[in-house]
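# Overview (structure and organization)
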Amino acid sequence: MSFAELKEKVVDLTPAELEELGQIIEAARPQVRRATPEMLAERRRLSEEIMRGEWNAELAGYEGAQARDREKNKELHRRWTD
């Protein structure tokens, strides 16, 4: 349905139907959740822990991949400089 067709149909709605349509549209919208002071305090606490190094995520295989990349780079550098 085009916008023009939709507009024509909306013009023909009764006030009660318009009210119902408004309620349907409002119910379908995602609700905005406002951050409470408690939520902000928790975010601040967690970010401070991360910045101090008290909390982190372990990425399986990350260190090994880094070591392999370093070795590969050394090998490529050796090939280019020899």
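Calculation notes
- Residues numbered from 1 in each chain as written.
- Predicted model: local features only at pLDDT ≥ 70, side-chain atom pairs only at ≥ 80, totals over all residues.
- Heavy atoms only, no water.
- Helix = DSSP H or I, 4+ residues; strand = E, 2+ residues; numbered from the N terminus.
- Rg over C-alpha atoms; globule rule 2.2 N^0.38 Å.
- Buried < 20%, exposed > 50% of the residue type's maximum accessible area, 1.4 Å probe, protein only.
- Areas by Shrake-Rupley, 256 points an atom, 1.4 Å probe, with all protein chains shown as cover.
- Lys, Arg positive; Asp, Glu negative; His and termini not counted.
- Charge placed at Lys NZ, Arg CZ, Asp CG, Glu CD.
- Patch = residues over 30% accessible without salt bridge, like charges linked within 9 Å, V, L, I, M, F, W, Y side chains within 5 Å.
- Salt bridge = Lys/Arg side-chain N within 4 Å of Asp/Glu carboxyl O.

### Concerning the overall build of the protein chain
Tallying secondary structure elements over the protein chain gives four helices and zero strands in all. Its helices and strands in sequence order give the protein chain the pattern α-α-α-α, from N to C terminus. The C-alpha atoms of the protein chain give a radius of gyration of 29 Å, which is well past the 12 Å a tight globule of 82 residues would have. By principal-axis analysis of the C-alpha atoms, the protein chain measures approximately 80 × 40 × 20 Å. With 82 residues in all, the protein chain has 1% of them scored as buried. Put simply, the protein chain shows about 8,100 Å² of open surface, and 57% of that area lies on carbon and sulfur atoms. Positive and negative side-chain charges in the protein chain, numbering 15 and 18 respectively, have mean positions lying 8 Å apart.

### Quick word on a nonpolar patch on the surface
Where nonpolar side chains cluster on the molecular surface, the patch consists of M1, F3, L6, V10, L18, L21 and I25 and spans about 660 Å² of accessible area. Relative to the assigned elements, L6 resides in helix α1 (residues 3-11).

### Side note on the pattern of salt bridges
In this structure the tally under the stated criterion is seven salt bridges. The closest approach of N and O atoms between E54 and R52, which form a salt bridge, is 2.7 Å. For E54, a relative accessible area of 52% translates into the label exposed.

### Overview of the environment of F3
Looking at the secondary structure, you find F3 in helix α1. The exposure class of F3 is exposed, given its relative accessible area of 63%. Taking C-alpha positions, F3 is 23 Å from P30, a pair spaced 27 residues apart along the chain.

Taken by themselves, the reported measurements are silent on function.
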